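# Inside the fold
Chain by chain, the residues:
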Amino acid sequence: MALDTKLTEFYKAHLPESRIEGTMLRAECPFCAKKGRKKTGAIIVFLGAEGYFTGYFRCLSRCVPGGFAAHFARLRGLESGSVPGHDPDGEPYLEKSEFPLDTINSDIPKYQSSITVKIKERFAGQGVSAETLEELKIGFNGRYIVYPYYMANGNCYTAHCISPENKSEQFWHGDQSFSANGLQIFNINDIDYCQGGALFVVEGEENLLCLRELGFPGVAVPVAKDLAFIDPKRFQYIQTVFLVVNNSLEADNAARAFAARVGFKVRMLSWPAQRERDFCLVKLAREDSADFKNQVTAMVKASQAFSPFRRPGREYQVFLENIDRQHSESFQALHTGIKGFDAAMDGIHGINIIGGAPKAGKSCLGIQLATEMARKKVPVVYYDFENGVQKIYQRTLSRLSRLPVERIIDDNGDAEETRRLDTAKEDFRNMLEYFRVVNDRQLTPEIMRRHIDFLCHETRKDDVVVVVDSLHKLPFKDFSERRTGIDAWLREFESIRDEMNVAFLVISELSRQEGGRYDGVPHMGLFKDSGDIEYTADNALVFLPEWNPVDITDQGERINALWLVASREYSPGLIARYRLDFPFWGFTELD
């Protein structure tokens, strides 16, 4: 049986003389006589399968505060288990504060009796009746409107006093500790009364009075920034929270931060773009009191849930945009220019991890791939913890000019060498617009994000390549945490890849094989401290030398084989073989 049907049967059973009028149940109020009312008023219950306020009741004579079925059951003395949707394991919210003996309970009736005709007319101008003022015990002390802040125990310890002429002129009367630390909630008991249902959370007591006049339940905080101090657990048994703040960027940010803490049950009401700054419910009511309820109802219907997910329409739009992006010049430019590599891998996309033996040339290959892409105006951030900036620059210039580093430093070549060097310098200078080397030993994921943001903005490109040399030299808290530190960085790479359209080329070390060698059949187990590499890498590659990197007497041709050992997109196997182009610090791909 649907919950709305159960609620209808529940109320009909305990309001036996009731009748259904459309989507509303109406009966004589069973509470008026108990409250000493000479005339019994009507009680109405909102029903209907679609509404957020299904099951909400209120007495039109205001003899008791309105609420949902659990509150009705408490007022009627019914067993809580009889309430539809009752959770037997639910525990009430426990107030952490200790309540003092002193209250200002006796002051509140005095302030209520002091309300002037002028003050009543002021509220009437925004559609708030004297009955609503009385219900919430609003008073006046001769100069300030007094909003009493009753606590769940029924006592009032503090009141917010605001000048009707100048809202900035205000103070707290009573115990100041109840005006902070999450206790500054006006009409706080409505949270308990709305268990299992919906209520409004608004900025400003006056705004709440406008909603209460319409019959909506709700609470208020003095200003939006006070939402930061409210414990989200207060709303654990509320099904839907409608959040309304004044029209300002500061209030909107505070509301979103609050919604993020409370979670999916929050639905934010937003103001049209044309509304002026600080526009609020009070101003809306004054603007058109006759149509105020219709406008609030429309805002409720248009409210958006504060969801951790994008709306389906936006999700589809992003999907199509990502397809278009893969056809963009920026995305297509993520190719290395090395024929066999690009044919096998379609360039550098996702997270690519290359493992290699020490001194096998993996850094040399990484520098070559990175700088060739930067020469094609692809933004590249190169995180170097191996070679140093100067060595990377010198070796790149050597490769571009086809001159040994020693000849570049001597700067004493013949005319042809000088021409090649000048041409390479100009090429190198232009490349530096897109190529940034970082060797910050205090690097963090947030700093990395800032580097990427800057280079995207500086180059006006959407796609960036990040090279990390090497994974095992990234900053960790201490050496004993290297394995967990590597896994943590890999998680961050995944996040940055997905959030910022970043492709990674990460250089990793390999574990020694039997006899201290690094050769053999390439496989994922070769990666040192592999951890989450096999789960994180979109492409895992191994760069194996066909020569002995630790034998300095080996004068033979130095050829390495690049293997794709695991991939989400491509078939594993040999990509290509590469010959070290010494002394020019590059590799030549062999057919």
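Bear in mind that the values here come from a model prediction, so they are computed numbers and not experimental data.

### So, the overall build of the protein
Helices and strands together make up the secondary structure of the protein, namely 20 helices and 22 strands. Relative to the 2.2 N^0.38 estimate, which gives 25 Å for 591 residues, the radius of gyration of the protein is 35 Å and therefore markedly larger than a compact globule would have. Taken over the C-alpha atoms alone, the protein extends approximately 110 × 55 × 45 Å along its principal axes. In the protein, which comprises 591 residues, the proportion classed as buried is 49%. For the protein, the proportion of contacts with a sequence separation of at least 24, taken over those separated by at least 6, is 63%. For the protein, the computed accessible surface area is about 29800 Å², with 49% contributed by carbon and sulfur atoms.

### Points about a negative patch on the surface
On the surface, E406, D410, D411 and D422 cluster together into a patch of negative charge. Structurally, D411 can be placed in the loop between α16 (405–410) and α17 (415–431).

### Observations concerning the nonpolar core
Residues Y147, F200 and F235 are the most contacted members of the largest nonpolar core, which totals 69 residues. Leaving out residues up to four positions away in the same chain, F235 has contacts with I191, L199, V201, I230, V241, F258, V262 and K265. Counting residues in hydrophobic clusters, the runner-up holds 44 residues, among them L403, L421, F428 and F587.

### Remarks on the layout of surface pockets
Estimates place the volume of the largest pocket at around 1000 Å³. In terms of lining residues, the largest pocket is bounded by 41 residues, among which A70, Q195, G196, G197 and Y237 are the most central. Mapped by element, the contributors of at least two residues to the lining of the largest pocket are α1 (3–14), α2 (69–76) and α6 (190–193). The element that contributes the greatest number of residues to the lining of the largest pocket is α2, accounting for 4 residues. Its residues assigned to classes, the lining of the largest pocket shows 19 nonpolar, 14 polar and 8 charged. Here the second largest pocket is characterised by a volume of approximately 760 Å³. Those elements that place two or more of their residues in the lining of the second largest pocket are α11 (312–326), α19 (482–500) and β18 (502–509). Here the lining of the second largest pocket takes 8 residues from α11, the largest share from any one element. Across the lining of the second largest pocket, the residue classes break down as 8 nonpolar, 6 polar and 13 charged.

### Re the sheet that holds strand β8 (residues 170–174)
Ordered in space as β5-β6-β7-β8, the 4 strands form an open sheet in which the pairing is antiparallel. Each having just a single partner strand, β5 (139–140) and β8 make up the two edges of the open sheet. Direction of pairing for strand β6 (residues 145–150) relative to strand β7 (residues 156–162): antiparallel, over a ladder of 6 bridges. Residue Y147 lies in a different strand from β7, and its bridge partner there is H160. Contacts between helix α7 (residues 205–214) and the sheet are confined to β6 and β7, with β6 contributing the most and set at about 80° to the helix.

Rules used in this analysis
- Residue numbers here run from 1 along each chain, matching the order of that chain's written sequence.
- With the structure being a predicted model, the display of local features is reserved for residues of pLDDT at least 70 and the display and counting of side-chain atom pairs for 80 or more, all residues being used for whole-chain, interface and lining totals.
- Water and hydrogen atoms play no part in the side-chain values, which are based on all heavy atoms of the structure.
- Going along the chain from the N terminus, every DSSP run of H or I of four or more residues is numbered as a helix, and every run of E of two or more is numbered as a strand.
- Radius of gyration here uses only the C-alpha atoms, and the compact-globule reference equals 2.2 Å multiplied by the residue count raised to the power 0.38.
- The rule is simple: take the accessible area with a 1.4 Å probe, protein chains only, and divide by the maximum for that residue type; under 20% is buried, over 50% is exposed, in between is partly exposed.
- Note on contacts: a residue pair qualifies if any of its non-hydrogen atoms lie within 4.5 Å across the two residues.
- Under the convention used here, a 1.4 Å probe and the Shrake-Rupley method define accessible areas, while residue burial counts only the protein chains that appear.
- Here, patches come from residues exposed beyond 30% relative accessible area and free of salt bridges, joined within 9 Å for like charges and within 5 Å for nonpolar side chains (Val, Leu, Ile, Met, Phe, Trp, Tyr).
- Salt bridge, as used here: a side-chain nitrogen of Lys or Arg that lies within 4 Å of a carboxyl oxygen of Asp or Glu.
- Under the convention used here, Asp and Glu are negative, Lys and Arg are positive, and both His and the chain ends fall outside the count.
- Think of each charge as sitting on NZ of Lys, CZ of Arg, CG of Asp or CD of Glu.
- What makes a nonpolar core is a set of buried Ala, Val, Leu, Ile, Met, Phe, Trp, Tyr and Cys residues whose side-chain atoms join them at distances within 4.5 Å.
- Grid points spaced at 1 Å over the protein atoms alone were grouped into cavities, where a 1.4 Å probe fits but cannot get out, and pockets, open sets with protein on both sides within 12 Å along at least five of seven lines, with lining residues defined by an atom within 4 Å of a point.
- Grid points are joined across faces, edges and corners, and a volume is the space filled by probe spheres set on the points.
- Each residue receives one of three labels: charged for Asp, Glu, Lys and Arg, nonpolar for Ala, Val, Leu, Ile, Met, Phe, Trp, Tyr, Cys and Pro, and polar for the others, Gly being one of them.
- Strands qualify as paired when DSSP identifies two bridges or more between them.
- The axes used here are C-alpha line fits, helices contributing only the stretch in contact, and every angle between their N-to-C directions lies in the interval 0 to 180 degrees.

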